[in-house]
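# Notes for the structure review
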Amino acid sequence: MSLAAVLLTAGPICIVAGGSVALNIRGSAQALARRAADNSQRAMHARGDLGPAPLVVSAGVYRFLATAMAFGGLVLTLGGLLELA
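Right, let's walk through the structure included here. Just so we're clear, the structure is a prediction, and the values are computed from it rather than from any experiment.

Together, Ile15, Phe71, Leu74, Leu78, Leu81 and Leu84 make up a nonpolar patch on the protein surface, roughly 570 Å² of accessible area in all. Structurally, the position occupied by Leu74 is in helix α3 (residues 59-84). Looking at Leu74, the relative accessible area reads 38%, which means it is partly exposed.

Here it is in C-alpha cells:
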C-alpha cells in the first residue's frame, strides 16, 4: 500500500472527526465534557470518595483539541496529494 493511500485515508477521517467536535455538531463537545465528568465521578465512587466530582476538562478544551486534530488531518491530506504529484 502506498503512502499516498494511507495519508489520503487518514487525513479526511481526521478532518471529519475533528471538525464535528470543533464545530460542536449536535452538541458533541458538551457530550464529551459530560462523559468525562461522569467517568470522573464513577472513579471517585469506586475509590470510596462520595464528594462532588471536579471539573476535569471543559467543552472549550475539547473544541480546541479537535481543531488541532482537524488541521492535522488537513496536513495529512495535503501530504497525500503532494505524494501523488
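Continuing now.
Turning our eyes to something else, we now look at helix α2 (residues 28-47). Here α2 is 20 residues long and its end C-alpha atoms lie 29 Å apart, about the 28 Å a rise of 1.5 Å per residue gives. Of the positions making up α2, those classed as buried are Ser28, Ala29, Ala33, Ala36, Ser40 and Met44. For α2, the arc enclosing every buried residue in end-on projection is 160°, short of the 170-degree limit, so these residues lie on one face. Opposite its buried face, α2 presents the exposed residues Arg34, Arg35, Arg42 and Ala46, each directed more than 90 degrees away. Elements that come into contact with the buried residues of α2 comprise α1 (3-22) and α3. Directly beyond the C-terminal end of α2, a positive phi value near 95° is found at Gly48.

Attention now goes to the side chain of Asn24. Within the secondary structure, Asn24 sits in the loop between α1 and α2. On the basis of relative accessible area, Asn24 is assigned to the buried category, the value being 18%. Within the local environment of Asn24, its side chain forms a polar contact with the backbone nitrogen of Ser28, the two atoms lying 3.2 Å apart.

Conventions adopted
Residues numbered from 1 in each chain as written. Predicted model: local features only at pLDDT ≥ 70, side-chain atom pairs only at ≥ 80, totals over all residues. Heavy atoms only, no water. Patch = residues over 30% accessible without salt bridge, like charges linked within 9 Å, V, L, I, M, F, W, Y side chains within 5 Å. Areas by Shrake-Rupley, 256 points an atom, 1.4 Å probe, with all protein chains shown as cover. Salt bridge = Lys/Arg side-chain N within 4 Å of Asp/Glu carboxyl O. Helix = DSSP H or I, 4+ residues; strand = E, 2+ residues; numbered from the N terminus. Buried < 20%, exposed > 50% of the residue type's maximum accessible area, 1.4 Å probe, protein only. Expected span 1.5 Å × (residues − 1). Arc of directions from axis to C-beta. Contact = heavy atoms within 4.5 Å. Polar contact = N/O pair within 3.5 Å; in protein donor to acceptor, adjacent residues only side chain to side chain.

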